[in-house]
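Understanding the architecture of this molecule
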Amino acid sequence: MINRLLDRLLGRGPRLAKPRQAKILRGADLGLKRELISPNAIKVCETLQRAGFKAYLVGGAVRDLLLGITPKDFDVATNATPEDVKAEFRRAMIIGRRFRLVHVMFGREVIETSTFRALNPEAKTDEHGRVLADNLFGSQSEDAARRDFTVNALYYDPSSDEVLDYHGGVSDLKKRLIRMIGDPATRYREDPVRMLRSVRFAAKLGFTIEEQTRAPIREMAELIHNVPVARLFDEMLKLLQSGQAMACLRQLRDAGLHDGLLPLLDVILEQPQGARFVEIALARTDERVREGKSISPGFLFATLLWQQVRTRWEAGIARGDYPIPALMAAIDLALDEQSEQLAIQKRFIADMREIWSLQPRFERRTGSQPYRLLEHIRYRAGFDFLMLRTDAGEIEPELVAWWDRFAGGSPNERDTMIADLARAPGSSSTASGRPRRRRRRSSGGQGATDGGSEGAGES
Ligand code: ATP
Ligand code: MG
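The following refers to the structure shown. (Residues numbered from 1 in each chain as written. Chains lettered and ligands numbered in written order. Predicted model: local features only at pLDDT ≥ 70, side-chain atom pairs only at ≥ 80, totals over all residues. Heavy atoms only, no water.)

**Regarding the pattern of salt bridges**
Scanning all chains against the criterion turns up 24 salt bridges. The partner of Asp 161 in a salt bridge is Arg 26, with the nearest N and O atoms 3.5 Å apart. Residue Asp 161 is found in the loop between strand S9 (154–157) and strand S10 (162–165), and its partner Arg 26 is found in strand S1 (residues 23–26); the two are separated by 135 residues along the sequence. When the shortest N-O distance is used, the salt bridge between Arg 310 and Glu 314 registers 3.2 Å. Within this pair, Arg 310 and its partner Glu 314 are both found in helix H16 (residues 297–318), separated by four residues, close to a single helical turn. Each member of the pair, Arg 310 as well as Glu 314, is classed as buried. (Salt bridge = Lys/Arg side-chain N within 4 Å of Asp/Glu carboxyl O. Helix = DSSP H or I, 4+ residues; strand = E, 2+ residues; numbered from the N terminus. Buried < 20%, exposed > 50% of the residue type's maximum accessible area, 1.4 Å probe, protein only.)

**Quick word on the layout of surface pockets**
Counted as a void, the second largest pocket has a volume near 430 Å³. In terms of lining residues, the second largest pocket is bounded by 18 residues, among which Arg 288, Ser 294, Ile 295, Phe 299 and Asp 384 are the most central. If you list the elements that add at least two residues to the lining of the second largest pocket, you get helix H15 (272–290), H16 and helix H20 (379–391). For the lining of the second largest pocket, the per-class residue count stands at seven nonpolar, three polar and eight charged. (1 Å grid on protein atoms, 1.4 Å probe; cavity = no way out; pocket = protein on both sides within 12 Å on 5 of 7 lines; lining within 4 Å. Points joined across faces, edges and corners; volume = space filled by probe spheres on them. Nonpolar A, V, L, I, M, F, W, Y, C, P; charged D, E, K, R; others polar.)

**Quick notes on the packing of aromatic side chains**
When we look at a pair of aromatic rings, we describe it by the centre distance and by the angle of the planes. If you walk through the whole model with that rule in mind, you get 19 aromatic pairs. When the ring of Phe 233 is compared with that of Phe 348, the centres are 6.0 Å apart and the planes differ by 35°; the resulting orientation is tilted. On the criterion of sequence distance, the pair formed by Phe 233 in helix H12 (residues 229–240) and Phe 348 in helix H18 (residues 346–358) is long-range, its members being 115 residues apart. Overall, the relative accessible area of 6% leaves Phe 348 in the buried class. For the ring pair Tyr 371 and Phe 406, a centre distance of 5.3 Å and an interplane angle of 65° mean the geometry is edge-to-face. Highlighted residues: Tyr 371 in helix H19 (residues 369–375) and Phe 406 in helix H21 (residues 397–408), separated in sequence by 35 residues. Using a relative accessible area of 24% as the deciding quantity, one classes Tyr 371 as partly exposed. Among the aromatic residues, those joined into a ring-pair cluster are Phe 362, Tyr 371, Tyr 379, Phe 383, Trp 402, Trp 403 and Phe 406. Its end group placed over the ring of Trp 402, Arg 365 keeps NZ or CZ at 4.7 Å from the ring centre. (Phe/Tyr/Trp six-rings, centres within 6.5 Å; stacked < 30°, edge-to-face > 60°. Lys NZ or Arg CZ within 6 Å of the ring centre and 35° of its normal.)

**So, the site of ligand 1**
Around ligand 1, a shell composed of 18 residues is seen, among which Lys 72, Asp 191, Arg 194, Arg 197 and Arg 200 lie nearest. Between ligand 1 and the protein, one listed contact pairs a nitrogen atom with a backbone N or O atom of Asp 148 at 3.1 Å. In this structure, Lys 238 approaches ligand 1 through a side-chain N or O atom, which is 3.0 Å from an oxygen atom. In the complex, 85% of the free accessible area of ligand 1, which totals 580 Å², lies under the protein chains. (Near = heavy atom within 4 Å. Polar contact = N/O pair within 3.5 Å; in protein donor to acceptor, adjacent residues only side chain to side chain. Areas by Shrake-Rupley, 256 points an atom, 1.4 Å probe, with all protein chains shown as cover.)

**Concerning the sheet that holds S1**
Ordered in space as S1-S10-S9-S2-S3-S6-S5-S4, the eight strands form an open sheet in which the pairing is mixed. What marks the edges here is a single partner per strand, and that holds for S1 and strand S4 (92–95). In this sheet, adjacent strand axes meet at a mean angle of 30° when their direction is disregarded. The sheet contact formed by strand S5 (residues 101–106) and strand S6 (residues 109–115) spans five bridges and is antiparallel. Considered in S6, the bridge of Val 102 is made with Thr 113. Here helix H4 (residues 60–67) sits on the sheet in contact with strand S2 (55–58) and S9, set at roughly 65° to S2. (Pairing = 2+ DSSP bridges. Axes fitted to C-alpha atoms, helices over the stretch in contact; angles between N-to-C directions. Contact = heavy atoms within 4.5 Å.)

Structure below.
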């Protein structure tokens, strides 16, 4: 009571969710899957504990372990300062400005280790209330209160098998609810990315967003515009790599979050002719994620923006430009349009350009050209992209089948394939025969598509 009065007098408002006592439960009783814990994460906890500090697994890893899902990475929370942590490990690096934390490295695995943080009433905010810097260390219960959702605020001590639950996360896990800790509107104002996170977790885990957590999102959606684009890009990437990409995008739309959020999302959700291509691409991405395979962000964004490139490419050809320069101009245009609002990192942009630029080269199958393409360092990505286009009905399946045989063929077989193609009646050695110049068809179906890609092979 006195605390609350003090808060009000000091103008701290509801941002200071009251620190609480943790309920202590046993992992074994909750069915926590210990065998899914990375030995390196356990090592970090044990090393810090031996040095006299508290150390727990925290966040998404504990949530996933309780759900029987293999966590994709492990975070550790401790009362040791970043300097204390660094001193305990041979390969450890202090990183971050907004939040300083330590990356403890074991080969390719990184265990992100952060010091308990306090809710800082003096934290610097922008004019909308977004917290800009917040590095004040605090107690474990304060650390719990500044996390986003109840299911993300569970701590697990692998040495004692204890789960510390400050905000009813275990009960919400059972009810399959994403519930904000504290006052949802305030927490969204502090960090609008939390709106995207609620949608991502709900889609990824098949959970429901609890009513009061969902309610403010629609009218607060526009606060997303104040978030730096680089951070939005990171979140977008996480969303797309969640294993439930399409479900995430649909829920973003339902929550009123997609509109104007990223030009990319408008493209994906609002262009019917692109929907099939993107749906196939995202379904494949989800499949790969669920099989534990890696996803190349460059490839992913190349698929998401392809319709933008394709329509501009076709328009260029229809204006009478040569296919290859028309494609290059289309790529520049599409990337320019995105760059204002979506900070796709440079190295991904380079990948995207390459994957797109390879496409017309699959249609040129004379002389040494197919050999050169096969040796290209991005051949595989280009070919996978070609397969997507084929599955979307954009080009004839014969082309993919040819390349599949060519790639697996002996030198003799390859020579024969090229020779056969040159002799085929009515075929110049383009992939799928002469281009069918039906670009102006406005149905938006296959006909319109055929023209662009096949015409490109003719240059
Ligand atoms: P994922 O499975 O996607 O990694 P995660 O819950 O581990 O999910 P991270 O982004 O890795 O998500 O963050 C780790 C933890 O840090 C979260 O579980 C949450 O407790 C806290 N956290 C992350 N981002 C925020 C945020 N914007 N606001 C409050 N807490 C956050
Ligand atoms: Mg995580």
